Amino acid sequence: RLRIEDPDLATTIDRPRGLNPEVYKTFRKPTPLCLREFRHIGKRGVPLLLERWRWTLEEHPFSEGEAGRKERDVFRQAILAAAGQTADKRARFFLEEILLDSAEDKRWRSEAAISLGMCAGEEALPTILAILDGPSPIEVQQACARALGRIPTLQAFHAIETRLGKDQMNRSLITALGLLGSKWGWKS
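So, how was this worked out
- Residues numbered from 1 in each chain as written.
- Predicted model: local features only at pLDDT ≥ 70, side-chain atom pairs only at ≥ 80, totals over all residues.
- Heavy atoms only, no water.
- Helix = DSSP H or I, 4+ residues; strand = E, 2+ residues; numbered from the N terminus.
- Rg over C-alpha atoms; globule rule 2.2 N^0.38 Å.
- Buried < 20%, exposed > 50% of the residue type's maximum accessible area, 1.4 Å probe, protein only.
- Contact = heavy atoms within 4.5 Å.
- Lys, Arg positive; Asp, Glu negative; His and termini not counted.
- Charge placed at Lys NZ, Arg CZ, Asp CG, Glu CD.
- Polar contact = N/O pair within 3.5 Å; in protein donor to acceptor, adjacent residues only side chain to side chain.
- Core = buried A, V, L, I, M, F, W, Y, C linked by side-chain atoms within 4.5 Å.

> Looking at this model, I keep getting lost on the overall build of the protein. Mind explaining?
For the protein, the helix and strand inventory stands at 13 helices and 0 strands. The linear arrangement of helices and strands in the protein, starting from the amino end, is α-α-α-α-α-α-α-α-α-α-α-α-α. Taking 188 residues into account, the globule formula puts the C-alpha radius of gyration at 16 Å, and the protein, at 17 Å, falls close to it. Oriented by its inertia axes, the alpha-carbon framework of the protein measures out at about 50 × 35 × 30 Å. Across the 188 residues in the protein, those meeting the buried criterion constitute 45%. A separation of at least 24 residues holds for 66% of the contacts in the protein among residues at least 6 apart in sequence. Averaging the coordinates of the 30 positive side-chain charges in the protein and doing the same for the 26 negative ones gives two points 6 Å apart.

Spelled out as C-alpha cells, the structure:
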C-alpha cells in the first residue's frame, strides 16, 4: 500500500543515492553511505526498509566484486540503524528476530541489538538481557550491553549495575552507563 500511495518514497528507498557508484565515487572519501538519507526520510520509510531487508535486498543492482560487497554491507547496516534512529516501534519484532537468530552474522545481530534498544525501549529488555546472559558471541553480548544505555529506565540501570565487573563486558557496560546517565543525550 505504501508503494502505491507514495511512489517517490519507494523510489528513494529502492535506489538510495549514496549506493550509486556514480555518486559516491565523487566523494572525497569514495565509500558508499545511505544511513543519513534514510534518517531524513524518517519513520514513514521504515516499512519499506524492512521489506527490502527481508525480501528484496538482492534485487538491488549492486556493483561487482569488492565494491558490491561494501555497498551491500552499507545498505544492510543502514536499514538496521535507521529502524533504531527513527525510533519506530514497528521495527521491534523484526529487530528481535535478527538478534535472536544465531545463524545471522554477528555484525547484524549487534546492530539489531542497539537499534532494538533505541526503538523498543523497556519492551526490549527481556530479549536484550536473554542474549546478554546467554551463550551468544561476545560481540553480540557487548552490543546488548551497550543497548542497555539506550533504554531510559531504572530497570536498565539495575541491569547494568548488576553486570559490572565482568571483564569482557566492563567497557560496554560503562559505555551504556554513560549513555544512560547523559542528560543532554536524552534531551536530544
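That shown, we press on.
> Can you walk me through the side chain of E96 in this structure?
When you line up the elements, E96 lands in helix α7 (residues 92-100). Within the structure, the side chain of E96 is placed 3.3 Å from the side chain of T127, a separation counted as a polar contact. Aside from chain neighbours lying at most four places away, what touches E96 is L116, E123 and T127.

> Got a minute to help me understand the environment of G42 in this structure?
Secondary-structure assignment places G42 in the loop between α4 (35-41) and α5 (46-56). Relative accessible area serves as the criterion here: at 15%, G42 is assigned to the buried category. For the pair G42 and A87, spaced 45 residues apart in sequence, the C-alpha to C-alpha distance is 9.0 Å.

> I tried to follow the nonpolar core on my own but got confused; where do I start?
Buried together is how nonpolar side chains tend to be arranged in soluble globular proteins. One finds F38, F75, L95, L99, I128 and L148 to be the most contacted residues of the largest nonpolar core, which totals 53 residues. Among residues more than four places away in sequence, those in contact with L148 are L125, I128, L129, L132, A156, A159, I160, L173, A176 and L180.

> Can you help me understand the side chain of S115 in this one?
With respect to the element layout, S115 can be found in helix α8 (residues 106-120). What S115 contacts, discounting residues up to four positions off in sequence, is L80, A81, G84 and L95.

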